[in-house]
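Fold and geometry: a report
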Amino acid sequence: MKRNLYLNVQKKEEALAGFLAAFSNIRPQGEWIPVVESLGRITAEAVYARYSSPSYNSCAMDGIAVISAHTKGASEKNPLKLIRGEDYLDVDTGDMIMPPYDAVIMAEDLIEPEDREGYIIIAPTHPFAHVRAIGEDIVAKEMVLPTGHKICAIDISVLLSAGIMEIQVIKKPVIGIIPTGDEMIEYMEPLEDGKIIETNSRMFENLVAEQGGIGRRYPILPDDLELIKQKLSEAAAECDMVIINAGSSAGRDDYTVHAIRQLGEVYTHGVSMKPGKPVILGKIDGKPVIGLPGYPVSAYLTFMEFVIPVMNRYGWRGGEDKPQKEVEAKLSKTLMSGLKYEEYVRVKLGIVENELVASPLERGAGASMSLVRADGFCVIPQDKEGFSAHETIRVKLMKDMEQIRKTLVLVGSHDLILDVINDIMMEEGRDTCLSSTHVGSMAGLIALRKKETHLAPSHLLDEKDGSYNISITREMFPDEKMVIIKGVRRRQGFIVKKGNPLNIQSIRDITPEIRYINRQRGAGTRVLFDYLLKKEGISPADISGYGHEAATHMSVAVAVQKDNADVGMGIYSCAKALNLDFIEVGFEEYDFVTYEKYLELPAVQEFLHILKGDAFKKRLDMLGGYGWEECGQLCFL
C-alpha cells in the first residue's frame, strides 16, 4: 500500500474543535450504584435529601437539659439552684431534647452544691443553647449535591445522613485500546532484536483510569488492514470510544487511516504539533475513534491533548475542562524550533535564588524517560522559531509545585551516583529530592555562574598541575566565594566489548578503523580524552567517530554493548553494569561546585549528610570503581 501523505495538516485547536463538534449530540449515560461505592464518581443529576440532619433536636454537649425561661435572673450574686426531675434532666451529646426542655447547660458550667442535690448555675441560658436543631446541617428536600459533582469521602457521609442509599452517577466510559505493529510483543515475552515491548496501551489504560474511565485493552494486532478493520468494528460496537495506537504515520504498513476511512469517516489526519503530528481523528458507528502515534512521548502528548478533552466534553469528568496549571520560568538554554509545528519540550524545574528555572530535557518523540523526569512542558508556538536562553517562558506543570520547591538542582556532569543519592533521599523520607540535568562539566559551571543551578557536578582536569576543578572554578568565579564539595574518586578508562576482541590497551590502539564514541563538548571525559590525544600527538581527525557524541557514560556503554561503537571513554561502574570490559586510564575527581552561601540551604545540607553517610558508601562499593575517602569534605576557594 502506498504511503499516507499529510496533505492537510491542521492546527491542533482547529482539529480538536471540529472533532468535538462532530459529537455534539452525544450525552453521557447514567447508572444507579450504592452510595457507599460512589467515591470518585460523577453525579448524573442533582441529589436531594430524604431526611433532615439531625432529624430531631439533638444535645450538642454533655450536661443538663433545662427550660431556658426558668434560668432567668441567675448570676454570681444570685445563684440559682436546679432540682433534678423538676428543673433539668441529665443528657449526653446526641440525646434527644424533648419539650418542655429547650436548652442545654454544659457540665463544666455547673456547680455541685454541698448537699449534692441538683446543680447551681450562676448565669442564665437561652433557647436552643447547645442544641442542634432539626435540619441544622441538612433539611429534607434540599439539594445535597449538584449535577456533575465528583463525589469525595465527606460527600458519602453527608449522603448517608440525608437518607440516600443509592445514587445515579455517570456511567464510566469504556475506552477501547488497540495496539498494533508487527514488531510489538507483550511485556512477558522474551525480548529479541527487532522486537519492541508494547507499553503504550498499558499507559493508556492507566491514563483512562485516572480520568474516570475503564480501559478495555485488545491484543496486539499485526500490520494487516483486514484484521485492523475487524477489530475496529468490534471495539466500536463494544466501547464508547476507541483508541488505536501506531500505524498512524506515513509508512507503507501504516493502515490505521485507511481502516477508519473504510469503516467510517476521517476528520483529521495530521496536526501541527511536535511531537505528535500523525494523529487521526475519526468516527465509526457514531463513536469517536482516535489514532495515536507510536512513539511514547507522542502517544502521551496526543492522549492528553485529544482523548481527555473528548472525555471532559461529555461529562465523563464532571463536565468541566480543567486546564493544566501553568507557571513562568527562566529558560536555562536556547531552544530552537521550526515554524511548521507547535512543539512540546519537556523540562526540569527548580528554584534557584527565588527564581524558577527550566532546563530542557531530551526532545526525541521516543525518549519516554524524559516524561518520567519531566516536571512540565514548554510549548513553542507554531509561529515562533524558539526561545532564547534566560528568556521567561510558560511551563505546563506535570508535577506539584510544592514538590518542585523542595528540589535540589544539579546541572553538569553525569554519574550514576546522582541517581543513588536521590534514591537514598527517598528511602530516608527526606524533604528534598534531586533533579539532575546532564550537559557536561563546563556547561554545568556556566549554569552555576548564571544562577541556574544549586550545584555543578564537575571533573575538569587542569593539564598543568593534574588537579581537578579548582583552577577552572577560580577562573570562572574570580570575585565569588566558592566551595568545592568533594565527591568521589572514580575509575576512568576505555569501555570495550567483553573479552576485548580488538585488544585495545591504550589510546594508541584506537586506530582509524576502530569506531569510537565520544562525549559531548565541555564534558570532563571529553577534556580528558583530548588531553590524552594531545599527549600522544594524535589528531582528532584520526579518530573514527570523534564527532559521534553521547550525553552520558551509560549511553557510551550501551553503544559499545549494542555494537554501535567499538570503544568509548567512561567510568568503570557503567562498564560493570553492562558486563563490559574496562581498560583503566586512572582515577579522576568527581566533585560538586557551588557558591559558599548555598551551603546554608537545607537541601544542600541534606545532600552533604548523604555524601558523608554509611548508606551512600555501601552503595558505592556495590557499584564498584569508586573511592569515597574525601566524600563531603569542603574545599573553600
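The rules behind the values
- Residues numbered from 1 in each chain as written.
- Predicted model: local features only at pLDDT ≥ 70, side-chain atom pairs only at ≥ 80, totals over all residues.
- Heavy atoms only, no water.
- Core = buried A, V, L, I, M, F, W, Y, C linked by side-chain atoms within 4.5 Å.
- Buried < 20%, exposed > 50% of the residue type's maximum accessible area, 1.4 Å probe, protein only.
- Helix = DSSP H or I, 4+ residues; strand = E, 2+ residues; numbered from the N terminus.
- Contact = heavy atoms within 4.5 Å.
- Arc of directions from axis to C-beta.
- Patch = residues over 30% accessible without salt bridge, like charges linked within 9 Å, V, L, I, M, F, W, Y side chains within 5 Å.
- Areas by Shrake-Rupley, 256 points an atom, 1.4 Å probe, with all protein chains shown as cover.
- Salt bridge = Lys/Arg side-chain N within 4 Å of Asp/Glu carboxyl O.
- Pairing = 2+ DSSP bridges.
- Axes fitted to C-alpha atoms, helices over the stretch in contact; angles between N-to-C directions.
- Polar contact = N/O pair within 3.5 Å; in protein donor to acceptor, adjacent residues only side chain to side chain.
- Phe/Tyr/Trp six-rings, centres within 6.5 Å; stacked < 30°, edge-to-face > 60°.
- Lys NZ or Arg CZ within 6 Å of the ring centre and 35° of its normal.
- Parallel < 35°, antiparallel > 145°, perpendicular 65-115°, else oblique.
- Left-handed = near helix turned anticlockwise from the far one by under 90°.
- Nonpolar A, V, L, I, M, F, W, Y, C, P; charged D, E, K, R; others polar.

Ranked by size, the top nonpolar core spans 36 residues in total, and within it Phe-592, Phe-607 and Phe-616 carry the most contacts. Elements that contribute at least two residues to this core include exactly strand S28 (407–412), helix H9 (417–427), strand S31 (482–496), helix H13 (553–561), helix H14 (572–577), strand S35 (581–595), helix H15 (602–612) and helix H16 (614–623). Setting aside its immediate chain neighbours within four residues, Phe-592 contacts Leu-410, Ile-417, Leu-418, Ala-456, Pro-457, Val-483, Ile-484, Ile-485, Gly-487, Phe-607 and Leu-611. Formed by 32 residues, the second largest nonpolar core is a distinct cluster that contains Ala-15, Val-271, Ile-290 and Val-310.

Looking now at helix H1 (residues 12–21). Of the residues making up H1, those classed as buried are Lys-12, Ala-15, Leu-16, Phe-19 and Leu-20. Taken around the axis of H1, the buried residues stretch over an arc of 125°, which confines them to a single face. Buried residues belonging to H1 abut strand S17 (265–269), strand S18 (273–274), strand S19 (280–284), strand S20 (287–292), helix H6 (296–313) and strand S23 (342–352).

Right, let's get into a nonpolar patch on the surface. On the surface, Tyr-187, Met-188, Leu-191 and Ile-197 cluster together into a nonpolar patch covering about 430 Å² of accessible area. In this fold, Leu-191 is placed in the loop between strand S13 (184–185) and strand S14 (196–197). Of the residues examined, Leu-191 reaches a relative accessible area of 55% and is grouped as exposed.

Time to look at the side chain of Lys-348. Mapped onto the elements of the fold, Lys-348 is located in strand S23. If we skip the residues at most four places from it in the chain, Lys-348 touches Val-357, Ala-358, Ser-359, Leu-361, Arg-373, Ala-374, Asp-375, Lys-399, Ser-435 and Thr-437.

Turning our eyes to something else, we now look at the sheet that holds S20. The 6 strands are arranged S15-S12-S16-S20-S19-S17 in an open sheet whose pairing can be described as mixed. Since the sheet does not close on itself, it has two edges, and those belong to strand S15 (214–217) and S17, each with one partner. Each neighbouring strand pair of the sheet contributes to a mean axis angle of 20°, computed without reference to strand direction. Helix H3 (residues 200–210) rests against strand S12 (174–179), S15, strand S16 (241–245) and S20 of the sheet, and its axis sits at about 160° to S15. Each of S16, S19 and S20 is contacted by H6, which is oriented at about 170° to S20, the strand it contacts most.

This part is about the environment of Glu-265. Looking at the element boundaries, Glu-265 is found in strand S17. The class of Glu-265 is partly exposed, set by a relative accessible area of 39%. C-alpha of Glu-265 to C-alpha of Pro-288: the two residues are 23 residues apart in sequence and 9.9 Å apart in space. In this structure, Glu-265 is in contact with Ile-260, Gly-282 and Lys-283, ignoring residues within four places of it in sequence. Among the polar contacts made by the side chain of Glu-265, one reaches the side chain of Tyr-267 at a distance of 3.5 Å.

Time to look at the sheet that holds strand S4 (residues 63–66). Taking strand neighbours across the sheet as the criterion, the 3 strands line up as S6-S4-S7 in an open arrangement whose pairing is antiparallel. Either end of the sheet is taken by a strand with one partner, and the two such strands are strand S6 (88–91) and strand S7 (103–106). Each strand of the sheet is rotated relative to its neighbour by a mean of 35°, with strand direction disregarded. Two elements, S4 and S7, share 4 bridges in a ladder whose sense is antiparallel. What sits directly across from Val-66, in S7, is Ala-103.

For the structure on display, the rule yields 38 salt bridges. Measuring nitrogen to oxygen at the nearest pair gives 2.6 Å for the salt bridge that ties Glu-588 to Arg-490. Placement of Glu-588 in strand S35 and of Arg-490 in strand S31 is noted, with a sequence separation of 98 residues between them. Residues Glu-588 and Arg-490 agree in their burial class; the two are buried. As a salt-bridge pair, Lys-497 and Asp-566 come within 3.4 Å of each other at their nearest N and O atoms. Taken as a pair, Lys-497 in the loop between S31 and strand S32 (516–519) and Asp-566 in the loop between H13 and strand S34 (567–571) lie far apart in primary sequence, 69 residues in all. This pair shows no difference in class: Lys-497 is buried, exactly as Asp-566 is.

Enumeration according to the criterion identifies 15 aromatic pairs in this entry. Centroid distance Tyr-88 to Tyr-119: 5.4 Å. Interplanar angle 55°. Geometry classified as tilted. Of this pair, Tyr-88 sits in strand S6 while Tyr-119 sits in strand S8 (residues 119–121); the two residues are 31 residues apart in sequence, bridging distant segments of the chain. Exposure remark for Tyr-119: the relative accessible area of 23% places this residue in the partly exposed category. When the ring of Phe-477 is compared with that of Tyr-595, the centres are 5.7 Å apart and the planes differ by 90°; the resulting orientation is edge-to-face. Remark: Tyr-595 occurs in strand S35 and Phe-477 occurs in the loop between helix H11 (470–476) and S31; sequence separation between them is 118 residues. By relative accessible area, which is 3% here, Phe-477 ends up buried. Here a set of aromatic residues connected by ring pairs shows up, and it is made of Phe-494, Tyr-516, Phe-529 and Tyr-546. Over the aromatic face of Phe-23 sits the side chain of Lys-283, whose NZ or CZ is 5.6 Å from the ring centroid. Note that Arg-491 overlies the ring of Tyr-572, its terminal NZ or CZ placed 4.3 Å from the centroid.

This part is about the packing of H3 against H6. Following both chains from N to C, one finds H3 and H6 inclined at 30°, their axes separated by 11 Å at the closest point. It follows that H3 is roughly parallel to H6 by the angle criterion. At the point where H3 passes H6, the crossing takes the right-handed sense. Seen from H3, the contacting residues are Asn-200, Met-203, Phe-204, Leu-207 and Val-208; seen from H6, they are Pro-296, Ala-299, Tyr-300, Phe-303, Met-304 and Met-311. Residues of the contact of H3 with H6, tallied by class, amount to 10 nonpolar, 1 polar and no charged.

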